[in-house]
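Here is how the chains run, residue by residue.
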Amino acid sequence: MSLNVEPKDILEAFKIIRTYLRETPFEYSPLLSERVCSRVFLKLENFQLARSFKVRGALNLMLNIRRKEGISEVITASSGNHAQGIAFAARALNMKATIVVPETCPETKKKAIKLIGRENVRLMEAGNVYDEAEEEAIKIASKKGVPFVPPAEHRLIMAGAGTVGLEMMLENPDLNLILVPAGAGGLILGIATIVKALNPQIRIYGVQSEASPPWYYSWKAGKLVEVEIRESLADGLSGGIKEEMLELAKTRVDGFLLVSEEEIANAMRYAITELHQIVEGAGAVGLAAILSGKIDVRDKRVGVVISGGNVDSKTITRILSGN
């Protein structure tokens, strides 16, 4: 299937998934705006069901394959927000989902997946890292003849994620700039597709951690390049990207920014202590870019996507203590 998500795909996704989800707040932040001399609006996907935008793409894909193809079961690999999104969609749609996680997956994450999906989810362990879990999940999907659901690289997943951008535009169409966390690319490509269709003048930047920068360096090189992936507070953004996703980005994204681990930690701390928001590392990179001055936002109307709020208590304690 082509990955070329189009505006009509996002409009269709919005129509069919909205009854299952919250339309999350797109809030003006007076405190942050005053600090950076602009008007900053926060799209709070940490308020979404399952506390992440990921449920949007999961619902869109699973609704489509159930309605159009009569498929009632899917398989995926994830230990994070994608897994929880699939679990939520499986339960909401009364479908079955097998979710394969690495053997190193923390018990807290496995517990969350089971709690959300209940009897509709079968949790399996395979391999020590995500790539090994994904390989096993693809094998099982092929053997059983059921769809494997990737975290981002699917037109329907990107269309669901793009509804974040549609909601932003419906509420505040006069933005100048949007900052989006960039991991595998489904969120930024979905948002950029609908936003550029509605207002090509809005500039859209993806934000990554210095610990996992494939978008940043591939964008600079104009082609896919290998980068070192290190441990990061923004673990939801870690990993490589696909060449077709990069080619799509060239037609609808304006650039990519990098933030350090210290800047991500500072942004998470600022979100908790000043904005009173629990934001995971991956969700805080846009805030980090603004607070650290990585992009000039002065006198602009800026939309910042807070992509999720799934962060454990130990990390929150560490962030607040400054360690």
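As a reminder, the structure under discussion sits directly above these lines.
Overview of the structure. (Residues numbered from 1 in each chain as written. Predicted model: local features only at pLDDT ≥ 70, side-chain atom pairs only at ≥ 80, totals over all residues. Heavy atoms only, no water.)

### What about the overall build of the protein chain?
Line of reasoning, step 1. If you tally the helices and strands in the protein chain, you get 13 helices and nine strands.
Line of reasoning, step 2. Here the protein chain has a C-alpha radius of gyration of 18 Å; the compact-globule value for 323 residues is 20 Å, and the two agree.
Line of reasoning, step 3. Once the C-alpha set of the protein chain is aligned to its principal axes, its extents read approximately 55 × 45 × 40 Å.
Line of reasoning, step 4. Expressed as a percentage of the 323 residues in the protein chain, the buried residues total 57%.
Line of reasoning, step 5. Considering only intrachain contacts with a sequence separation of at least 6, the fraction spanning at least 24 residues in the protein chain is 76%.
Line of reasoning, step 6. A total accessible area of about 13,900 Å² is found for the protein chain, and carbon and sulfur atoms account for 48% of it.
Line of reasoning, step 7. Put simply, the protein chain has 40 plus and 39 minus side-chain charges, and the middle of one group is 4 Å from the middle of the other. (Helix = DSSP H or I, 4+ residues; strand = E, 2+ residues; numbered from the N terminus. Rg over C-alpha atoms; globule rule 2.2 N^0.38 Å. Buried < 20%, exposed > 50% of the residue type's maximum accessible area, 1.4 Å probe, protein only. Contact = heavy atoms within 4.5 Å. Areas by Shrake-Rupley, 256 points an atom, 1.4 Å probe, with all protein chains shown as cover. Lys, Arg positive; Asp, Glu negative; His and termini not counted. Charge placed at Lys NZ, Arg CZ, Asp CG, Glu CD.)

### Quick look at the packing of aromatic side chains
Line of reasoning, step 1. Tallying each qualifying case throughout the model produces five aromatic pairs.
Line of reasoning, step 2. Geometrically, the ring pair formed by W215 and F256 is stacked, given 5.0 Å between the ring centres and 10 degrees between the ring planes. Separated by 41 residues along the polypeptide, W215 in helix α9 (residues 214–221) and F256 in strand β8 (residues 255–259) bring together distant segments of the chain.
Line of reasoning, step 3. For W215, a relative accessible area of 0% translates into the label buried.
Line of reasoning, step 4. Using a relative accessible area of 6% as the deciding quantity, one classes F256 as buried. (Phe/Tyr/Trp six-rings, centres within 6.5 Å; stacked < 30°, edge-to-face > 60°.)

### Side note on the side chain of E45
Line of reasoning, step 1. Here E45 shows up in the loop between β2 (39–44) and α3 (54–69).
Line of reasoning, step 2. Accessibility expressed as a relative area gives 0% for E45, which makes it buried.
Line of reasoning, step 3. Setting aside its immediate chain neighbours within four residues, E45 contacts T24, R51, S52, F53, R56, V164, I306, S307 and G308.

### Details of the sheet that holds strand β4 (residues 96–101)
Line of reasoning, step 1. Strand order in this open sheet of three strands is β3-β4-β5, and the pairing throughout is parallel. Where the open sheet ends on each side, the last strands, each with one partner, are β3 (73–77) and β5 (121–125). Neighbour-to-neighbour, the strand axes of this sheet turn through a mean angle of 15 degrees, independent of strand direction.
Line of reasoning, step 2. With five bridges connecting them, β4 and β5 associate as parallel partners. The partner of T98 across the bridge, within β5, is R122.
Line of reasoning, step 3. Strands β4 and β5 of the sheet are contacted by helix α5 (residues 107–117), whose axis makes an angle of about 160 degrees with β5. (Pairing = 2+ DSSP bridges. Axes fitted to C-alpha atoms, helices over the stretch in contact; angles between N-to-C directions.)

### What to know about α9
Line of reasoning, step 1. Buried within α9 we find P214, W215 and S218. Burial along α9 is one-sided: seen end-on, the buried residues are contained in an arc of 90 degrees.
Line of reasoning, step 2. In the core, the buried residues of α9 are packed alongside β7 (203–209), α10 (243–252) and β8.
Line of reasoning, step 3. Backbone geometry just downstream of α9 places G222 in the positive-phi region, at approximately 75 degrees. (Arc of directions from axis to C-beta.)

### Digging into unusual backbone geometry
Line of reasoning, step 1. Of note, A50 is a non-glycine position whose phi angle comes to about 65 degrees, a positive value.
Line of reasoning, step 2. Its identity is not glycine, yet R118 carries a phi of approximately 50 degrees, on the positive side.
Line of reasoning, step 3. Looking at where R118 falls in the secondary structure, it is placed in the loop between α5 and β5.

### Some points on the environment of V297
Line of reasoning, step 1. Secondary-structure assignment places V297 in the loop between α12 (285–291) and β9 (301–306).
Line of reasoning, step 2. The class for V297 is buried, based on a relative accessible area of 4%.
Line of reasoning, step 3. A sequence separation of 101 residues divides V297 from K196, and the C-alpha atoms of the two residues are 19 Å apart.
Line of reasoning, step 4. Excluding anything up to four places from it in sequence, V297 contacts V36, C37, S38, L177, I290 and V302.

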